[in-house]
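What follows is each chain in one-letter form.
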Amino acid sequence: MFGKVIAILLGLGIMATALLATRQKRYEVASKISRTHWRLIEQQRDLMRYRAEVARKVRPDAIRMALNSMKTQWRPIPHRLDASTPPTQPRLVTTPGTKDIDAIPVEFGG
């Protein structure tokens, strides 16, 4: 009888220790997630701060002054997105110069 009581108490002690260890691991994981989340938020704040700093320092007049101070000849980038593009011919699947007998002439109305 005494042995059974000792075995039960020993089993309960082991289960309590395992429960405490599991609970401690859960707290450590939650703490690690919280620290990682906080680090992520700080990095996003730094990124926004750096973007604002670049936007503040890169002004059109500053870019023009920097381009004028260089000794190279600069040209504008072609095909700007905000410029209107003239209408182009429709592009066909076949390449120009190839003679395809079965090709049906394609006409686009408008």
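A short tour of the structure in this document, coming up. (Residues numbered from 1 in each chain as written. Predicted model: local features only at pLDDT ≥ 70, side-chain atom pairs only at ≥ 80, totals over all residues. Heavy atoms only, no water.)

On a plain count of helices and strands, the protein comes out with two helices and zero strands. For the protein, the computed accessible surface area is about 11,600 Å², with 64% contributed by carbon and sulfur atoms. (Helix = DSSP H or I, 4+ residues; strand = E, 2+ residues; numbered from the N terminus. Areas by Shrake-Rupley, 256 points an atom, 1.4 Å probe, with all protein chains shown as cover.)

A contiguous nonpolar patch, built from Met1, Val5, Ile8, Leu9, Leu12 and Met15 and spanning about 670 Å² of accessible area, is present on the exposed surface. As for its position among the elements, Ile8 is in helix 1 (residues 2-57). Overall, the relative accessible area of 54% leaves Ile8 in the exposed class. (Patch = residues over 30% accessible without salt bridge, like charges linked within 9 Å, V, L, I, M, F, W, Y side chains within 5 Å. Salt bridge = Lys/Arg side-chain N within 4 Å of Asp/Glu carboxyl O. Buried < 20%, exposed > 50% of the residue type's maximum accessible area, 1.4 Å probe, protein only.)

With that out of the way, let us pick up the pattern of salt bridges. A side chain with one charge may pair with a side chain of the opposite charge, provided their charged atoms come close. If you walk through the whole model with that rule in mind, you get four salt bridges. In this structure, Asp46 engages Arg49 in a salt bridge whose closest nitrogen and oxygen atoms are separated by 2.7 Å. A residue pair is termed a helical-turn pair when its members lie 3 or 4 positions apart in one helix, as Asp46 and Arg49 do in helix 1 at three residues. Here Arg49 falls in the partly exposed class, since its relative accessible area comes to 47%. Across the pair Glu53 and Lys57 runs a salt bridge whose closest N-O atoms are separated by 3.3 Å. With Glu53 and Lys57 both in helix 1 and four residues apart, this pair spans about one turn of that helix.

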